[in-house]
Every structure is written in C-alpha cells, then in structure tokens.
Amino acid sequence: MVQAAEERRTGRDESEDERADRMWGELMQEIRVAQMGVQILFGFLLTVVFTPKYAALGDTEKTIYIVTVVLGATATGALIGPVSLHRLVSGRRIKARAVQWAARLTFVGLMLLLATTTSSLLLILRVATHDPFVPWLVTAVVAWYLVCWFLLPLWIRRRYTTK
C-alpha cells in the first residue's frame with residue numbers, strides 16, 4: 001500500500017492530503033479574485049432599479065436588466081458555494097472530493113460571471129447608445145473574455161503538459 005502511494009506522487013513530493021490542501025488553497029485564491037468582481041458588479045446592478053433612469057428604460061432594457069440581476073445572483077451563489085461546501089464538510093476526511101466539487105462550482109460561477117458581464121455590457125451600451133454596432137461590440141468583448149479565460153489557458157495546458 002505504501003508503494004502504491006509512492007508511485008502516485010509526481011512532480012511534487014506531497015501526499016494526497018497535502019495535494020488536496022495545496023489545491024484548496026490555490027482554488028480559494030482564484031475564487032477571491034472572481035468573487036470580488038462579481039460582488040462589485042452585482043452590488044452595482046442592485047442599485048440601478050432605484051435610479052430615476054430605470055423608469056425611463058424600455059421593456060427590452062428592463063428585461064435585460066432582470067436577466068442580468070438573476071445571472072449576477074446565481075454567479076455570486078456559485079462563487080461563494082465553495083466556502084459553504086468547505087465549512088459543511090470540514091473534518092470529514094473528504095478534502096480531495098471537496099476540492100473537485102468546489103472547482104466545479106467555481107467553473108460554473110465563472111460561466112455565470114461571463115453571462116452577467118455580457119448582459120451588463122449589452123444593457124449599458126444599449127442605454128448609452130442605440131447604435132446598431134452594440135451587438136458587435138458585445139460580441140467582440142465576449143470573444144476577448146473567451147480567449148483570456150478559456151482558449152489561452154487550454155492552449156497552454158495542451159502545449160506544455162504531457163498528461
């Protein structure tokens with residue numbers, strides 16, 4: 001059994017528990033960055049409905065706003081979820097499994113943050129200008145996010161790893 005554990009070690013000299021601890025710490029640092037962004041955005045969105053400008057919005061803009069707020073709320077929930085998960089399973093000796101589920105929640109949260117940011121940008125640009133280029137601008141920004149958040153990391157992972 002000791003031999004099997006030793007064979008699983010690659011790259012770092014750490015046990016499975018040490019690896020889970022390290023991965024949990026790294027995940028929490030990543031979540032802090034994403035949480036900050038989504039909470040600031042969500043907080044801002046919550047105030048919009050109380051401004052005089054909101055009453056002047058058209059039905060389409062109000063619908064986009066409602067969808068954006070719901071997306072922001074769900075992104076916040078997904079990105080805070082790993083903290084609750086950790087608190088509820090702490091001490092149960094399932095950290096490796098908790099890290100897997102927390103990583104999944106974080107990925108879902110990032111996807112919801114992408115959707116929230118996209119719909120926020122669409123709403124803001126529609127209100128700021130009725131230019132027919134708004135959908136193209138939003139598409140360009142979303143493409144940029146996709147490159148930065150997914151395509152570049154996946155390319156680096158494929159290019160520089162052997163697994």
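Quick notes on the rules
- Per chain, residues are indexed from 1 in the order of the written sequence.
- Owing to the predicted nature of the model, reporting of local features is limited to residues with pLDDT of at least 70; listing and counting of side-chain atom pairs is limited to 80 or more, with chain, interface and lining totals taken over all residues.
- Just so you know, side-chain values use all the structure's heavy atoms and leave hydrogens and water out.
- Numbering of helices and strands starts at the N terminus; helices are DSSP runs of H or I of at least 4 residues and strands are runs of E of at least 2.
- Axis definition: a line fitted to C-alpha atoms, over the contacting stretch in the case of helices. Angles run 0 to 180 degrees between N-to-C directions.
- Any angle that falls under 35 degrees is termed roughly parallel, while one over 145 is termed roughly antiparallel, one within 65 to 115 roughly perpendicular, and all others oblique.
- In this scheme, a crossing is called left-handed if the near helix is turned counterclockwise away from the far one by less than a right angle; it is called right-handed if the turn is clockwise.
- In this analysis, two residues are considered to be in contact whenever any of their non-hydrogen atoms come within 4.5 Å of each other.
- All residues other than Ala, Val, Leu, Ile, Met, Phe, Trp, Tyr, Cys, Pro, Asp, Glu, Lys and Arg, Gly among them, are scored as polar; the first ten of these are nonpolar and the last four charged.

Caption draft 1: Expanded view of unusual backbone geometry. With a phi close to 65°, Arg93 is a non-glycine residue in the positive phi region. Along the polypeptide, Arg93 turns up in the loop between helix H4 (59-89) and helix H5 (95-128).

Caption draft 2: Up close: the environment of Leu146. Here Leu146 shows up in helix H6 (residues 134-160). For the pair formed by Leu146 and Ser120, sequence separation is 26 residues and the distance between their alpha carbons is 16 Å.

Caption draft 3: Broad picture of the packing of helix H2 (residues 16-48) against H5. One way to put it is that H2 packs onto H5 with a least axis distance of 9 Å and a crossing angle of 20°. The angle between H2 and H5 falls in the class roughly parallel. Relative to H5, the crossing made by H2 is left-handed. From H2, Glu16, Ala20, Asp21, Met23, Trp24, Leu27, Ile31, Ala34, Val38, Leu41 and Leu45 reach across to H5, where they touch Lys95, Ala96, Ala98, Val99, Ala102, Ala103, Thr106, Leu110, Leu113, Thr116, Thr117 and Ser120. Its residues assigned to classes, the contact of H2 with H5 shows 16 nonpolar, 4 polar and 3 charged.

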